[in-house]
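Structural overview
In case you want the letters, here they are:
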Amino acid sequence: MIELAFLILFPAIVAFLLLAFKNGQVRNVVVKIAAGLIGLATIILLITYFSSGLVLFSVHLETAAEIMFVISLLIAGFILYLGIKQRKYLAVILVTIQTLMFIGIEGWLAKDVQQVSNLFIDQFSLIMAAIVGIIGTLICVYALAYMETYHAHHPEIPDRQNVFFFMVFVFLAAMFGLIFSNNLLWVYFFWEITTLASFILIGYSKTAESTNNAFLALEMNLLGGIAFAGAIIYLLIADPTGSFLGIEQLLSSGQALALVPAVLISFAGITKAALMPFSSWLVGAMVAPTPVSALLHSSTMVKAGVYIIVRFAPVLSGTTEGLIIGLVGGFTFLLGSAIAISQSNAKKVLAYSTIANLGLIVACAGVGTYKLVWAAILLIIFHAIAKSLLFLCVGTVEHQIGSRNIEDMSGLIVRMPKVAVMMLVGIAGMFLAPFGMLISKWVAIEAFIEAQFGLIFVAILAFGGSITVFFWSKWMGKIISVDPHVTREADTLKSEKRIVLYILAGLTVLICLIFPLISSSLIEPFVLSVYGQTARLSQDNIIIMAMMLFLLMIMPFSMLLPRNGARKVPPYMGGRPASSDMKFLGSMGVTRDVTLSNYYLNDLFGESRLLMAGTALGFGLILLAMIVLVGMIL
Amino acid sequence: MTYLKRSPWIIHYDASSCNGCDIEVLACLTPMYDVERFGIVNTGNPKHADIFVVTGSINEQNREVVKNIYEQMPDPKVVVAVGICAASGGVFRECYNVSGGIDKIIPVDVYVPGCAARPESIIDGIVKSLSILEEKRTKMNSPAAKKDTQSGGIQ
Amino acid sequence: MMSPVYGLIYILLAPIAGGLVAGIDRKITARMQGRVGPPLLQPFYDVGKLFEKENLVVTRSQDLYALCYLVFMLVAGALFFAGGDLLLVIFAFTLSHIFLVLGAYASSSPYSFIGAERELIQIIAYEPMIILSAVGMYMVTASFFVSDIVVSSIPIVLYLPGVFIGFLMVLTIKLRKSPFDLSTSHHAHQEIVKGVTTEFTGPNLGKIEIAHWYEYVFLLGFIFLFFAFSLPIALLAIVVAYFLEILIDNTFSRVKWQFTLKSAWIIAGMLGLINLAVLYYLSGGLQA
């Protein structure tokens, strides 16, 4: 209990400290110590509740509810003010509706609520806490060094680092609150805080573009928030004493009651996880400094969305609504992966791949059989680690070479060998055989076959999975191509960045070795407690994969073996005399440069075309779900 | 036992030839002559080739190209100059832009005469070159000569 | 039950079988063109020669990628013949090809660079169909393990005719047969020289060639699975299927990558998926 309270409150306190002190030196120390403490607390939490299963905590905190109410109103007022100032009337309307709903809930409906267990923890919360507490804090430490360089590179952007780190730590606190809350009112409160924090972080640079994108993110998330509030209202009308407000109680109350709120909350989750009709906010959020992208898109914000959907997977399982939500996820996976092929901006590739993978997680959760929930949780873990590593690598490379275009990363293995190798590990972690994401996709294929209408999803995975091979491989190809134009650059990496990158790269590999342990000690008991049965990978396959991983790790050492005389020659240029710096003799004695550029297949996988299809499909499916839902309520 | 003689892969380059010899080289691949009987494959890539078959003579435009292709072939390798132009410049010898036969640029191992050279004689020349290829391999593998062959033979 | 012995046998004997298949292929191709053709053992002579040649590289890392290609091809094939999980086999198979692609990228050569891009397009063209084939076998035999599928007495091909035709289609891509020999070609005339293998010489090219032999045996083994209920029929099917591939190779000219990708996906989508859907609903869901 004390660990939970610490993890929620401590980051919040640190956040205010950071807001108060503008001194960079102090901030440096505070962030590092706080990150260390949060990481430590997370590990203690893991050890303490490792085998305890579901624990509910009856926290009677009347005052907490009142404080939350006041904070919510303050937030609403703040957004209202900004919305009017920036003339974003859609945001104003949405926040007004939401505030009215919220006042309605707190003022009238929730009067008789006698919620006893506001907090809870189980294996799933524990996994999420580990992701937030370890990866989230690593990103914070990385951000220290990053923001310094960021402001050195962009002198036109006002230095508001105190606000930045304030928001980052508020974010962490909100994430911990969100995953430990059993009371949906509390979840909703923390949900809204993540919305606000992402809004401010995306708009950090205060340029027109970032402000617009921040409002886009805000509007979409507010839309989800309204659905969330709707779910709470529905539950309070069903029972004014609020006995269904606890997630645990709601889940055990059966599908008849829980389905409507589950679908509404899943809709909120879809907006937060940036699935297809709402994917544009996540892509737009790439204007923010890279640590924000890493934080929002790998370990926190979007993971909150999928977390809540996976929570309600048992309710969605086997229903038409669940199938439709799964389809939204499935098509997002397919189209998101396809769009990533046509992108040359590394952060956009990562963004679309994030959208795609979140889609896959939601597809698993929407269909919601026990095997799929198992696969979904694995996906959450692997994705968080590999994606944060990739974001941070791209951020590092961007500061070094001044570009986030994949074409400019040609020969990175020569220029920045260490970062390049870590980037390769991250990319391999996203799609190659013995690594994490592929394990999950594989399990998902096996699980979907047995699910209802699973064949659609199997087909989506078969096509979508192979599409991901294309864009990741060509990125890898760019990095490892030994471009003679480039030479090794001076290693100016700050030690904070370096350590964080090392840890994340190590985790990406390590997690593939120890995931059977995580599975058997955390995921399987969770799935078992929810569904009464659980999935696991067969022992043989785990051994084979460990062997493949081992093989992959020792193969590079073959480079060290003595070899007799491999003579180096320039590449073949159709017989034209070529020099080793990639120049060749053209006609009339002109020397020409060779430039190589990847395929982007814009005709087939163009962004605008596929995005339009995805938006239409997504809206159509959500509309269908709403119609079914309304039909059920009536 | 060596595999080199059983699997000679060629690269064919047309250095300012009148195309007469080139047609004859290609004729070797047709069912009529079918050089694949001897394992000969026309690779079109110097990095895979063992035998460099050149037709026509050296001029200012192709001097560098011939040299480049030769350099990009892995050892052991041989050069077969097909046709009288490749041997000495032929009727174009006195042209203002022609410097002469292929051996002006790279060491030639077998000369196939003729204008144009007949497919039979081209095949015969290539088969002759195989024993030279084998000789070069033995030389390449003997430790004493290793340094010489590594340098590729061009200065 | 997985049996490592068969995996070991594969590792030892597959190069011999694969090389013979390649030799027969060249011989039949020659006869179809009215030529005598090379000796049956020509592929072995070729590879033997490649190992006698000097190793030219643009960058030393090419050695690593060529070796990884061979090693992971071996892993994938050995896993298949040892009776492992079909999906894992397919993923290991993809992994090995990624190494070939990376090797091509590493050299920064224009020809191998385009070859690498095309090879990737080929991978995304054939992979969905191969995964759907594995899924189809699971739907019929209720197991992903090759060891279970191979002992099943169900005539799988009768349940999966569409999938089988789709598989034959992508097999043409996989064996790099014309009209789909986009990324590299055994034939002489290629607009991008030798595509992915352009910058590999001597021993490295030899390793790639041996990996191709392993690949042949693995793919023919995959055909075997469709006919696993009867050994003679299966062998006949393999022979007929491979002959068909050679015939296609010699009758069609190369197509563009757009056609390759679209046709492979449409065939996989139409034949494969419809076949699976029919099977799915006939069996009333799945006998999980």
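Here the structure is a predicted model, which means the values were calculated and not measured. (Residues numbered from 1 in each chain as written. Chains lettered and ligands numbered in written order. Predicted model: local features only at pLDDT ≥ 70, side-chain atom pairs only at ≥ 80, totals over all residues.)

1. Here's the deal with the overall build of chain A
For chain A, the helix and strand inventory stands at 25 helices and 5 strands. Taken over C-alpha atoms, the radius of gyration comes to 25 Å for chain A, in line with the 26 Å a tight globule of 634 residues would show. Counting every position in chain A, which comprises 634 residues, the buried fraction comes to 59%. Sequence-distant contacts in chain A: of pairs separated by 6 or more residues, those separated by 24 or more amount to 81%. (Helix = DSSP H or I, 4+ residues; strand = E, 2+ residues; numbered from the N terminus. Rg over C-alpha atoms; globule rule 2.2 N^0.38 Å. Buried ≥ 20, exposed ≤ 12 C-beta atoms within 10 Å, placed from the backbone. Contact = placed C-beta atoms within 7 Å.)

2. With respect to the overall build of chain C
Scanning chain C from N- to C-terminus turns up 11 helices and 1 strand. Taken from the N to the C terminus, the helices and strands of chain C come in the order α-α-β-α-α-α-α-α-α-α-α-α. Against the compact-globule benchmark of 19 Å for 288 residues, chain C has a radius of gyration of 19 Å, which places it among compact chains. Each principal axis of the C-alpha atoms in chain C carries an extent, and together these give about 60 × 40 × 40 Å.

3. Some details on the interface of chain A and chain C
Taken residue by residue, the interface counts 48 residues in chain A and 57 residues in chain C. At the level of elements, helix 20 (436-450), helix 21 (454-480), helix 23 (539-554) and strand 3 (566-568) of chain A are the ones that each hand at least two residues to the side of chain A that touches chain C. The pairing of strand 3 of chain A with strand 1 (residues 55-57) of chain C spans 3 bridges and is classified as parallel. Residue K568 of chain A lies in a different strand from strand 1 of chain C, and its bridge partner there is V57 of chain C. (Pairing = 2+ DSSP bridges.)

4. Side note on the packing of helix 15 (residues 320-341) of chain A against helix 16 (residues 346-367) of chain A
All names here are of chain A. Where helix 15 contacts helix 16, the axes come no closer than 7 Å and their chain directions differ by 160°. Viewed along their axes, helix 15 and helix 16 adopt a mutual orientation that is roughly antiparallel. Read as a crossing pair, helix 15 and helix 16 show a hand that is left-handed. Class assignment of the residues belonging to the contact of helix 15 with helix 16 gives a composition of 14 nonpolar, 10 polar and no charged. (Axes fitted to C-alpha atoms, helices over the stretch in contact; angles between N-to-C directions. Parallel < 35°, antiparallel > 145°, perpendicular 65-115°, else oblique. Left-handed = near helix turned anticlockwise from the far one by under 90°. Nonpolar A, V, L, I, M, F, W, Y, C, P; charged D, E, K, R; others polar.)

5. Side note on the pairing of strand 3 (residues 51-55) of chain B
All names here are of chain B. Of all the 5 residues making up strand 3, 5 are buried; the element is thus mostly covered by neighbouring parts of the structure. Of the two faces of strand 3, both are covered, the one formed by I51, V53 and T55 as well as the one formed by F52 and V54. In the sheet, strand 1 (residues 9-14) pairs with strand 3 via 5 bridges, with the strands oriented parallel. What sits directly across from Y13, in strand 3, is V54. When strand 3 meets strand 5 (residues 78-82), the two strands line up parallel, connected through 5 bridges. Bridge pairing in strand 5 places V53 opposite V80.

6. A closer look at the sheet that holds strand 7 (residues 110-112) of chain B
Residue and element names in this part refer to chain B. Overall, parallel pairing links the 5 strands, which are arranged 2-1-3-5-7 in an open sheet. Both outer strands of the open sheet, strand 2 (41-42) and strand 7, are each paired with one neighbouring strand and no more. Taken together, the 2 bridges between strand 1 and strand 2 define a ladder with parallel strand orientation. The partner of W9 across the bridge, within strand 2, is V41. Contacts from helix 4 (residues 119-141) reach strand 1, strand 3, strand 5 and strand 7, with the element oriented near 160° to strand 5.

7. Section: the interface of chain B and chain A
At the interface, 11 residues of chain B touch 8 residues of chain A. When grouped by side-chain class, the residues that make up the side of chain B that touches chain A number 4 nonpolar, 4 polar and 3 charged.

8. Thoughts on the domain arrangement of chain A
Residues and elements named next belong to chain A. What the domain assignment lists for chain A is domain 1 (1-311) and domain 2 (313-555 + 595-634). Counting residues at the interface gives 50 residues for domain 1 and 60 residues for domain 2. When contributions to the side of domain 1 that touches domain 2 are tallied by element, the ones reaching two or more residues are helix 5 (123-153), helix 10 (255-272), helix 11 (280-284), helix 12 (290-299) and helix 13 (301-311). In terms of residues, the side of domain 1 that touches domain 2 owes the most to one element, helix 5, which gives 15 residues. A breakdown of the residues in the side of domain 1 that touches domain 2 according to their chemical character gives 36 nonpolar, 12 polar and 2 charged. (Domains from an automatic or database assignment.)

9. Focus on the nonpolar core
Ranked by internal contacts, the top residues of the largest apolar core, which has 369 residues, are V362 and C364 of chain A together with A92 of chain C. In terms of residues, this core owes the most to one element, helix 17 (residues 370-401) of chain A, which gives 22 residues. For this core, the domains that each give at least three residues are domain 1 (1-311) and domain 2 (313-555 + 595-634) of chain A. Those residues in contact with V362 of chain A that lie beyond four places of it in its chain are I270, A273, L275, V306, I309, I325, G326, V328 and G329 of chain A. Formed by 43 residues, the second largest nonpolar core is a distinct cluster that contains I10, I11, V79 and Y111 of chain B. (Core = buried A, V, L, I, M, F, W, Y, C linked by C-beta atoms within 7 Å.)

10. Looking at the environment of Y138 of chain C
The topology assignment puts Y138 of chain C in helix 5 (residues 110-141). C-alpha of Y138 of chain C to C-alpha of L86 of chain C: the two residues are 52 residues apart in sequence and 9.2 Å apart in space. Apart from residues no more than four positions distant in its own chain, Y138 of chain C is found in contact with I449 of chain A together with S143 and F144 of chain C.

11. Some details on the pairing of strand 1 of chain B
Counting buried positions over the 6 residues of strand 1 of chain B gives 5, a clear majority of the element. In this fold, the crossover linking strand 1 of chain B to strand 2 of chain B by way of helix 1 (residues 20-27) of chain B has right-handed handedness. (Right-handed = clockwise from strand over helix to strand, strands pointing away.)

12. Things to note about the environment of N118 of chain A
All names here are of chain A. Positionally, N118 belongs in the loop between helix 4 (89-107) and strand 2 (119-121). N118 gets classed as buried once you count the C-beta atoms within 10 Å, which come to 21. Each C-alpha atom, one on N118 and one on F244, is 12 Å from the other, the two residues being 126 residues apart in sequence.

13. Comments concerning unusual backbone geometry
With an omega dihedral of -10°, the bond running from D75 of chain B to P76 of chain B counts as a cis peptide bond. With respect to the element layout, P76 of chain B can be found in the loop between helix 2 (63-71) and strand 5. Cis geometry is found at the peptide bond from C115 of chain B to A116 of chain B, where omega equals -5°. Among the structural elements, A116 of chain B can be located in the loop between strand 7 and helix 4. Although it is not a glycine, A274 of chain A sits at a positive phi angle of roughly 55°. Take A274 of chain A: it is sitting in the loop between helix 10 and helix 11. In this structure A274 of chain A comes out as buried when scored by C-beta crowding, with 30 C-beta atoms within 10 Å. Despite not being glycine, A142 of chain C shows a phi value in the positive range, around 60°. Topologically, A142 of chain C is positioned in the loop between helix 5 and helix 6 (146-151).

14. Description of the packing of helix 4 of chain A against helix 8 (residues 208-238) of chain A
Residue and element names in this part refer to chain A. Contact geometry for helix 4 and helix 8: axes closest at 9 Å, N-to-C directions at 25°. Looking at the two axes, helix 4 sits roughly parallel to helix 8. Regarding helix 4 and helix 8, the two cross each other, and that crossing is left-handed. Judged by residue contacts, L90, A91, L94, V95, I97, Q98, M101, F102 and I105 of helix 4 engage F215, L218, E219, L222, L223, G225, I226, A229, I232, I233 and L236 from helix 8. Each residue belonging to the contact of helix 4 with helix 8 can be placed in one class, and the counts come to 17 nonpolar, 2 polar and 1 charged.

15. A short note on helix 1 (residues 4-32) of chain C
Given 3.6 residues to a turn, an α-helix orients residues that are three or four positions apart in the same direction. All names here are of chain C. Under the 1.5 Å per step criterion, the end-to-end length of helix 1 is 40 Å for 29 residues, consistent within 8% with the ideal 42 Å. Where helix 1 bends most, at L13, the angle is about 50°, and the proline P15 comes one to four residues later. Within helix 1 the residues assigned to the buried category are G7, Y10, A14, P15, G18, G19, V21, A22, G23, D25 and R26. Residues of helix 1 that are buried make contact with helix 2 (42-52), helix 3 (61-81), helix 9 (202-226) and helix 10 (231-251). Just downstream of helix 1 lies G34, where phi reads positive at about 75°. (Expected span 1.5 Å × (residues − 1). Bend = angle between axes of the 7 residues up to and from the residue.)

16. Re the confidence of the model for chain C
Per-residue confidence for chain C averages 88 on the pLDDT scale, and 97% of its residues sit at or above 70. For this predicted complex, the interface score ipTM comes out at 0.92, while the overall pTM is 0.92. (pLDDT = per-residue confidence, 0-100.)

17. What to know about the environment of P74 of chain B
Mapped onto the fold, P74 of chain B is located in the loop between helix 2 and strand 5. Separated by 32 residues in the primary sequence, P74 of chain B and N42 of chain B have C-alpha atoms spaced 16 Å apart. In contact with P74 of chain B, not counting residues within four places along its chain, are K47 of chain B together with K53, E54, L56, T201 and G202 of chain C.

18. A word on helix 5 of chain A
All names here are of chain A. Over its 31 residues, helix 5 runs 43 Å from end to end, which matches the ideal 45 Å to within 8%, given 1.5 Å per residue. A bend of about 30° at A143 is the largest found in helix 5. The buried fraction of helix 5 amounts to 26 of the 31 residues, a majority that puts the element mostly inside the structure.

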